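Chain by chain, the residues run as shown.
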Amino acid sequence: MGGVPGAGKTTVINKLKEVLKEDVFVVNFGTVMIDIAKERFGITDRDAMRKLSRVKQNELQLAAIDKIVELEKGKRYVIIDTHLAIKTPSGYMPGFPKELLEKVKPEIIVLITARPEEIWERRHLDTSRKRDLESIDDILEHEKINIAYLMAYSAMSGAYALIVRNNNGKLEDAVNRIKSLFYDGEK
Ligand code: AP5
């Protein structure tokens, strides 16, 4: 599951865990990455990782996915809280390049979105993070790039691509949309 920072990935996942009867294993890609980044590069701030060189970020991605593949062994339902497109100072880079997709073999790739104005406001209200100051247009651009990556990953892996809107006050709708995936149709 991906989305721009502030789209509400973690909020949706936490609520989903509360309402699902199924045991779902959730792993936050950024948390696994930062633990490895601390050891290898002495970085302690998760918002600093996207400013590392592409080579270093790629090394962290590969190490993180190997750890996640280990952790998810034997689990029926797994949700990875992650990013589809990483906004680095040199441009966007894939959050899930081919090597990662081949290791996790996703069934459904979910993009969580919200209105850009809402995302802007949510980021400004969150004082716990060192976020880059972005305009509404910057957020819109990142959203468009995410959709492009979503479709590329779907084409590469054969996974479903699903866009879920998590607008203000519509958390329940977003959660119910994803919840329905656990009960609808043949899996
Ligand atoms: P991480 O910390 O996971 O990413 P993030 O997107 O910055 O996390 P946030 O918690 O800010 O965003 P969120 O969308 O989860 O929003 P939240 O639910 O908190 O990742 C950190 C770093 O790891 C990345 O920057 C990157 O460097 C690295 N990384 C991760 N994956 C990678 C990968 N694959 N490859 C390389 N690097 C990777 O909600 C935000 C606020 O909105 C909350 O206050 C919440 O209450 C509110 N809110 C949410 N939904 C609603 C709603 N419906 N109505 C009203 N308020 C709402």
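Residue numbers restart at each chain and count upward from 1, following the sequence in its written direction. Reporting of local features is limited, given that this is a predicted model, to residues whose pLDDT is at least 70; pairs of side-chain atoms are given and counted only at 80 or more, and all residues count toward the totals for whole chains, interfaces and linings. Note: side-chain values were computed over all heavy atoms of the structure, leaving out hydrogens and water.

Visitor: Give me the lowdown on helix H1 (residues 9–19), citing residues and values where you can.
Guide: For every residue, the accessible area (1.4 Å probe, protein chains only) is compared with the maximum for its type, and the residue is labelled buried under 20%, exposed over 50%, or partly exposed between those bounds. Numbered from the N terminus, helices here are DSSP runs of H or I no shorter than four residues, and strands are runs of E no shorter than two. Every buried residue belonging to H1 is among Lys9, Val12, Ile13 and Leu16, and all of these are buried. Each buried residue of H1 sits inside an arc of 95° when the element is viewed along its axis, so together they form one side. We call two residues in contact when some of their heavy atoms are within 4.5 Å. Those residues of H1 that are buried lie in contact with strand E1 (24–28), strand E2 (77–81), strand E5 (108–113) and helix H7 (171–181). In this description, one arc is meant: the one made by directions from the helix axis to the C-beta atoms.

Visitor: Give a detailed account of the site of the ligand, specifying residues and quantitative values.
Guide: Nearness is defined per residue: one heavy atom within 4 Å of the molecule or strand is enough. Not every one of the 29 residues close to the ligand is listed here, only the nearest: Lys9, Thr11, His83, Arg131 and Asn166. Polar contacts here mean pairs of N or O atoms no more than 3.5 Å apart (in protein, one a potential hydrogen donor and the other a potential acceptor; neighbouring residues in sequence count only if both atoms are side-chain atoms). One of the side-chain nitrogen or oxygen atoms of arginine 46 is found 3.0 Å away from an oxygen atom of the ligand. At the level of elements, H1 and helix H2 (29–41) are the ones that each hand at least two residues to the shell around the ligand.

Visitor: Break down unusual backbone geometry for me, citing the residues and quoting the values.
Guide: Positive phi values are uncommon outside glycine, yet lysine 105 reaches one of about 45°. Mapped onto the elements, lysine 105 comes out in the loop between helix H4 (98–104) and E5.

Visitor: Give a detailed account of the pattern of salt bridges, specifying residues and quantitative values.
Guide: Whenever a carboxyl oxygen of Asp or Glu lies within 4 Å of a side-chain nitrogen of Lys or Arg, that contact is scored as a salt bridge. For the coordinates displayed, the defined rule picks out 11 salt bridges. Across the pair glutamate 118 and arginine 122 runs a salt bridge whose closest N-O atoms are separated by 3.9 Å. Taken together, the residues span about one helical turn, with glutamate 118 and arginine 122 both in helix H5 (residues 116–125) at a distance of four residues. With a closest N to O distance of 2.6 Å, arginine 123 and glutamate 134 form a salt bridge. Here arginine 123, found in helix H5, pairs with glutamate 134, found in the loop between H5 and helix H6 (136–157); they are 11 residues apart in sequence, far enough to count as distant.

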